[in-house]
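What follows is the residue order along each chain.
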There are 2 protein chains.
Amino acid sequence: MVIDINLSNLAGPKLPNPPSIPQPSLARLPQYHHYLVDLEARGITRISCSQIGGDLGYIPVQVRKDLQYTGIIGKPKTGYSVPELIRSIETFLGWNNINEAFLVGAGNLGTALLGHERFSKFGLRIVAAFDTDPEKIGLWIHEKAVLSLDQLSDLAQRMSVHLGIITTPAEAAQAVADEMVKGGIQAIWNFAPVKLRVPENIIVHNEDLYSTLASLSWKLARRFNVPIQEKEAV
Amino acid sequence: MVIDINLSNLAGPKLPNPPSIPQPSLARLPQYHHYLVDLEARGITRISCSQIGGDLGYIPVQVRKDLQYTGIIGKPKTGYSVPELIRSIETFLGWNNINEAFLVGAGNLGTALLGHERFSKFGLRIVAAFDTDPEKIGLWIHEKAVLSLDQLSDLAQRMSVHLGIITTPAEAAQAVADEMVKGGIQAIWNFAPVKLRVPENIIVHNEDLYSTLASLSWKLARRFNVPIQEKEAV
DNA sequence: TTAGACTCGCTATATGGTTATCGATATAAA
DNA sequence: TTTATATCGATAACCATATAGCGAGTCTAA
Ligand SMILES: NC(=O)c1ccc[n+]([C@@H]2O[C@H](COP(=O)([O-])OP(=O)(O)OC[C@H]3O[C@@H](n4cnc5c(N)ncnc54)[C@H](O)[C@@H]3O)[C@@H](O)[C@H]2O)c1
Ligand SMILES: NC(=O)c1ccc[n+]([C@@H]2O[C@H](COP(=O)([O-])OP(=O)(O)OC[C@H]3O[C@@H](n4cnc5c(N)ncnc54)[C@H](O)[C@@H]3O)[C@@H](O)[C@H]2O)c1
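A. Spatial organisation of the protein's contact with DNA strand C. Around DNA strand C lies a shell of 23 residues, among which Pro-76 of chain A together with Cys-49, Gly-74, Lys-77 and Tyr-80 of chain B are the nearest. Here DNA strand C approaches the protein such that, of its atoms within 4 Å, sugar and phosphate make up 72%. In the environment of DNA strand C, a phosphate oxygen lies 3.4 Å from a nitrogen or oxygen atom belonging to the side chain of Lys-75 of chain A. A distance of 2.9 Å separates a phosphate oxygen of DNA strand C from a polar atom in the backbone of Gly-74 of chain B. Those elements that place two or more of their residues in the surface near DNA strand C are helix 1 (23-41) and helix 3 (60-69) of chain A together with helix 2 (49-56) and helix 3 (60-68) of chain B. A total of three residues in the surface near DNA strand C trace back to one element, the largest contributor, which is helix 3 of chain A. Of the residues belonging to the surface near DNA strand C, the class tally is nine nonpolar, seven polar and seven charged.

As structure tokens, then:
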């Protein structure tokens, strides 16, 4: 994996309802999706697991298992229908229904996310940003209004927004999460490198860039600096 | 749970040298690091696995195993020395030696990364950006020069830069990766949602935001729209 | 000084995801 | 029409990681 860091249960203690699909499989589905959309654009209508696996670097069995979770059924010899498979993944992931989201922390990273039009293709629409910096409140960033954090919980309730994105400094993240929970937000996408304390039923996913960085620098260090460690390594 | 997605073997086929630390453990180390730095700032000098686990949502055994990979040794009853533990993690991850990096794709996301000062605390210094857009070449973004992509491989060799960051659109990512490999870059941090084809010995980590998004929307969909699926779920 | 409790470190087991194997089926070519 | 081949779907073996259990050491407090 790139090492997936997947981590997979990086998030925390056990879930009440274990998911019916392995987390790593879930994480691979978007990759297949990107690949398939590209195929479709090139006019290819049918595809086999062996082909997908060959192109993406997985063994065919794994691809087949992953795809089976979406409920698709293929035909022997010919494989799957590309458009059907794309629809199957999208439906399975809930990318047909748009999730509206609030983003908090209109800084470097927040601005980048606000400007990412393509999210709407994947079921995500960021409808507003929030901040505490008076300089930022009132601005429009990538056609989205930056509002005061005070308004968040009230607006989230009134607009039935269920998804929150946190791109504030680490110190502020917990307070922001509390505010989101107060507003009835169900799921949080957290870019700050802290473990959030939220009620059991709230879904939290951390996007920890430092985890990836750690893997990279560990491997680079191992490769360059330290043939000494080589022998220590198991 | 958060569920980390990192998946960890999201990246691809097997590595030649299996790492001496499980990928999930590697991904958790930065979390401990953040937590410990916070503790140190608050003047706490000793810490136990139970305490760490309680605060971060892991069971003590797992914390202990993870930390053991860094080579730290604790004392019964008192636990670990906080500053010693921080140093141990930093050394293990190679965060003491700075890795210089080139970033390609000075767009939304690239700009955010270029502006992130704190990376230098974690062994990463982005020294220059590259782009193909004539409007961008020649600009300075967050005190870093934006150069033409043509110069990349030559400069990478001359400056001995070993790490490359890709924040271009998906279509351009493969060509950029090829250019990086040509320049002798050893490790690539890829934010574009594509599988890169690179020689065996190149380290690639994908930061696939869509994977996280997929998990979130799958869970939200499961929660809201479809009690029907509830019974299908295993 | 001594009893007690807490925590580390090691070894063993359990869980879950990945990989291999096998039979069935549809397509294509003979 | 028949035969060969590729692929799917399901089951089973395998492996990595997470969890549990146990013994040993050290600090605290009586
Ligand atoms: N930018 C990156 O490349 C990058 C990389 C890795 C991790 N991160 C993480 O992402 C987060 C954001 O990073 P950034 O570079 O965008 O930071 P930033 O400083 O550019 O932006 C943070 C924003 O949050 C706002 N903010 C501060 N306190 C707030 C509060 N209590 N409520 C609401 N808003 C508040 C600030 O006004 C600012 O607009 C950080 O936690 C950082 O560790 C960023
Ligand atoms: N911005 C986000 O929030 C976000 C979220 C998820 C994924 N991503 C991914 O990150 C990548 C970058 O996203 P973005 O929003 O920053 O895009 P962007 O369009 O803002 O920036 C892309 C930059 O790459 C440059 N570029 C294009 N072709 C190039 C080439 N061949 N060589 C060098 N540079 C080239 C462009 O000139 C532009 O400056 C995309 O692959 C996107 O899918 C971004």
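B. Structural detail: the protein's contact with DNA strand D. In the vicinity of DNA strand D there are 23 residues, among which Cys-49, Ile-73, Gly-74 and Tyr-80 of chain A together with Arg-28 of chain B approach most closely. In DNA strand D, the atoms that sit within 4 Å of the protein are 75% sugar and phosphate, with bases accounting for the remainder. Lys-77 of chain A is positioned with one of its backbone polar atoms (N or O) 3.3 Å from a sugar or linking oxygen of DNA strand D. One of the side-chain nitrogen or oxygen atoms of Lys-75 of chain B is found 3.4 Å away from a phosphate oxygen of DNA strand D. When residues of the surface near DNA strand D are traced back to their parent elements, those giving at least two are helix 2 (49-56) and helix 3 of chain A together with helix 1 (23-41) and helix 3 of chain B. Of the residues belonging to the surface near DNA strand D, the class tally is nine nonpolar, eight polar and six charged.

C. Main features of the side chain of His-205 of chain A. Relative to the helices and strands, His-205 of chain A resides in strand 9 (residues 203-206). A polar atom in the side chain of His-205 of chain A sits 3.1 Å from the side chain of Lys-219 of chain B.

D. Looking closely at the packing of helix 1 of chain A against helix 4 (residues 82-93) of chain A. Residue and element names in this part refer to chain A. At a closest axis distance of 10 Å, the pairing of helix 1 and helix 4 adopts a crossing angle of 145°. In this structure, the crossing between helix 1 and helix 4 has a hand that is left-handed. Contacts from Leu-26, Leu-29, Tyr-32, His-33, Leu-36, Val-37 and Glu-40 in helix 1 reach Val-82, Pro-83, Leu-85, Ile-86, Ile-89, Glu-90, Phe-92 and Leu-93 in helix 4. Across the contact of helix 1 with helix 4, the residue classes break down as 12 nonpolar, one polar and two charged.

E. Region of the structure containing the side chain of Thr-70 of chain B. All names here are of chain B. Checked against the element boundaries, Thr-70 lands in the loop between helix 3 and strand 2 (80-81). Given the relative accessible area of 11%, Thr-70 is considered buried. At 2.7 Å, the side chain of Thr-70 forms a polar contact with the backbone oxygen of Leu-67.

What counts, and where the lines are drawn
- Residues numbered from 1 in each chain as written.
- Chains lettered and ligands numbered in written order.
- Predicted model: local features only at pLDDT ≥ 70, side-chain atom pairs only at ≥ 80, totals over all residues.
- Heavy atoms only, no water.
- Near = heavy atom within 4 Å.
- Polar contact = N/O pair within 3.5 Å; in protein donor to acceptor, adjacent residues only side chain to side chain.
- Helix = DSSP H or I, 4+ residues; strand = E, 2+ residues; numbered from the N terminus.
- Nonpolar A, V, L, I, M, F, W, Y, C, P; charged D, E, K, R; others polar.
- Axes fitted to C-alpha atoms, helices over the stretch in contact; angles between N-to-C directions.
- Left-handed = near helix turned anticlockwise from the far one by under 90°.
- Contact = heavy atoms within 4.5 Å.
- Buried < 20%, exposed > 50% of the residue type's maximum accessible area, 1.4 Å probe, protein only.

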